[in-house]
Amino acid sequence: FESAEDRENFEKYIQWRLSQFTLRKYLTANPQQQQIGSMRSKWLRDVDRARKAGPTIFQAYVDTLVRETPKLFKYHMVARLNAAVLLAELNETPAEGNKPAVPLLAVTEPLLDFLGQQNQLGVVRVPAVRGLARVIRDGQPPEKIRDDIITAFVNELQNGDPQNDALATTIAEELGRLGIVNGSDRTPIVVNALTKTLADKKRGYRSRSEAAAALGRLSLDNTINVRLIAFEIAALAQEMATAFEKEAVEAQKNELNPNYVAWKKPFFNLYTAFKGDKRVNIERGHGLSNKDGLNGATKQTVNAAYGQVLPLILSILVEKPIEPKDQDAILQWLEANKPPSRKVHDSFKEIISDDQSQAPGTLSSATASNTEANN
């Protein structure tokens, strides 16, 4: 920049470009909405050009973006959503060969702030979760930033609106991918939060089953109440089977086929919770059945729970009615194998209160549609 005026005009240009996200024409579904993706792609190309132009231009560009983009969070949903996506996609350095792009560390603060805004819709905060998880996974953040991100995820799972199912599902998925167990106090706060989400009947089945899958990916040892986790996964399987059967009866009354597709992902999540998914992940110990170092009693409970859950999973995946005998068997097993302790770890209180345990979970038609759209 040859003058202060040059810098000012540069910043005004960025402000003008960002303002395009707020236009009314993007509020309703129409072909012009396709321009949004092109706008974001142009931003990222511009950032790459600024990087090649030299450190002064690049730093000026990203500093201005990080400062100005959060102002879009007060506008309509399309502007808010795309502001979060843009911040989440900003990189310090681009991908190179097998090395992923290194995310811009400066986006952490605005994304954390946005994630914590409980008045915002859950769906517009989903990109913030993706971006923050990427900071940990592909960046090299200081320990405090890492802990701040994990704390924000845990707080949302424990204190956020249980109706924000897409947000909780994304957080559970990212926590499982990150593989982090402990918080800054070195207690397993991630395991505790995911188990509470798994057992919370106020939440939807997608987020609860994703929490189960995430728990299967974490490194768990005998200090964790894995028997409780296995029991809660079996309890969720029985609950989902009952809910599926209820929907199937209603569908038959209307001369429709049961909507197996909507239920396959939640039930498959329970399978991966026990057995893992890809071979490379199974070799890493993903899946409760593949954890080394668990004592014999815990392994016995895990295997028994899996034996009860598997017939229900297979019925859904092969699109066959759930056998009454399988439902009876898992109900009897749950009654006979109630965990002696509902604490995930000695550091925490019991995972769920009586009032939470009385509220039924759901997989509504809307949630089912969202499940398909997001996968």
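A brief report on the enclosed structure follows. (Residues numbered from 1 in each chain as written. Predicted model: local features only at pLDDT ≥ 70, side-chain atom pairs only at ≥ 80, totals over all residues. Heavy atoms only, no water.)

Notes on the pattern of salt bridges
Link 1 in the chain: Counted according to the given criterion, the structure contains 26 salt bridges.
Link 2 in the chain: Here D46 ties to R49 by a salt bridge, and the two come within 2.2 Å at their closest N and O atoms. Separated by three residues within a single helix, D46 and R49 lie in helix α2 (residues 34-53), roughly one turn from each other.
Link 3 in the chain: Between R130 and E173 there is a salt bridge whose closest N-O contact spans 3.3 Å. Residue R130 is found in helix α6 (residues 122-138), and its partner E173 is found in helix α8 (residues 165-178); the two are separated by 43 residues along the sequence. (Salt bridge = Lys/Arg side-chain N within 4 Å of Asp/Glu carboxyl O. Helix = DSSP H or I, 4+ residues; strand = E, 2+ residues; numbered from the N terminus.)

Section: the side chain of R208
Link 1 in the chain: Relative to the helices and strands, R208 is located in helix α10 (residues 205-217).
Link 2 in the chain: Exposure remark for R208: the relative accessible area of 2% places this residue in the buried category.
Link 3 in the chain: At 3.4 Å, the side chain of R208 and the backbone oxygen of D200 are in polar contact. (Buried < 20%, exposed > 50% of the residue type's maximum accessible area, 1.4 Å probe, protein only. Polar contact = N/O pair within 3.5 Å; in protein donor to acceptor, adjacent residues only side chain to side chain.)

Observations regarding the packing of α10 against helix α11 (residues 226-253)
Link 1 in the chain: Packing of α10 against α11 brings their axes to within 11 Å, and their N-to-C directions diverge by 150 degrees. Accordingly, the angle class assigned to the pair α10 and α11 is roughly antiparallel. The two elements α10 and α11 meet at a crossing, and its hand is left-handed. Contacts from Y205, R208, S209, A212 and L215 of α10 reach α11 at I229, I233, L236, E239, M240 and A243.
Link 2 in the chain: Among the residues making up the contact of α10 with α11, the classes are represented as eight nonpolar, one polar and two charged. (Axes fitted to C-alpha atoms, helices over the stretch in contact; angles between N-to-C directions. Parallel < 35°, antiparallel > 145°, perpendicular 65-115°, else oblique. Left-handed = near helix turned anticlockwise from the far one by under 90°. Contact = heavy atoms within 4.5 Å. Nonpolar A, V, L, I, M, F, W, Y, C, P; charged D, E, K, R; others polar.)

With respect to the environment of V62
Link 1 in the chain: Relative to the helices and strands, V62 resides in helix α3 (residues 55-68).
Link 2 in the chain: Exposure remark for V62: the relative accessible area of 2% places this residue in the buried category.
Link 3 in the chain: Expressed as a C-alpha distance, the spacing of V62 and K99, which sit 37 residues apart in the sequence, is 22 Å.
Link 4 in the chain: Apart from the residues lying within four places of it in its own chain, the contact partners of V62 are V47 and L104.

Comments concerning a nonpolar patch on the surface
Link 1 in the chain: A cluster of nonpolar side chains, M77, L121 and V123, forms an exposed patch at the surface whose accessible area comes to about 240 Å².
Link 2 in the chain: Structurally, V123 can be placed in helix α6.
Link 3 in the chain: Owing to a relative accessible area of 40%, V123 belongs among the partly exposed residues under this scheme. (Patch = residues over 30% accessible without salt bridge, like charges linked within 9 Å, V, L, I, M, F, W, Y side chains within 5 Å. Areas by Shrake-Rupley, 256 points an atom, 1.4 Å probe, with all protein chains shown as cover.)

A short note on helix α15 (residues 324-336)
Link 1 in the chain: Helix length check: α15 (13 residues) gives 18 Å between terminal C-alpha atoms against 18 Å at 1.5 Å per residue, within 8%.
Link 2 in the chain: Along α15, the residues that are buried comprise D326, Q327, I330, W333 and L334. Take α15 and look down its axis: the buried residues cluster within an arc of 130 degrees, on one side only. Turned more than 90 degrees away from the buried face of α15 sit P324, K325, Q332, E335 and A336, all of them exposed.
Link 3 in the chain: In this structure, the buried side of α15 is in contact with α11 and α14 (296-317). (Expected span 1.5 Å × (residues − 1). Arc of directions from axis to C-beta.)

Side note on the nonpolar core
Link 1 in the chain: Within the largest apolar cluster, 104 residues are counted, with the highest numbers of intra-cluster contacts made by F153 and L194.
Link 2 in the chain: Top element by residues in this core is α11. It accounts for 13 residues.
Link 3 in the chain: Discounting chain neighbours no more than four positions away, the residues touching L194 are L157, A172, L175, A211, A214, L215 and L218. (Core = buried A, V, L, I, M, F, W, Y, C linked by side-chain atoms within 4.5 Å.)

Overview of the environment of S209
Link 1 in the chain: In this fold, S209 is placed in helix α10.
Link 2 in the chain: C-alpha separation for the pair S209 and T242, spaced 33 residues apart in sequence, amounts to 15 Å.

So, the packing of helix α9 (residues 189-199) against α10
Link 1 in the chain: The N-to-C vectors of α9 and α10 enclose an angle of 145 degrees; their axes lie 7 Å apart at closest approach. Along this stretch, α9 crosses α10, giving a crossing that reads as left-handed. Along its contact with α9, which presents V191, L194, T195, T197, L198 and A199, the element α10 presents S207, R208, A211, A212, A214 and L215.
Link 2 in the chain: Across the contact of α9 with α10, the residue classes tally to eight nonpolar, three polar and one charged.

Any link to function would need more than the numbers given here.
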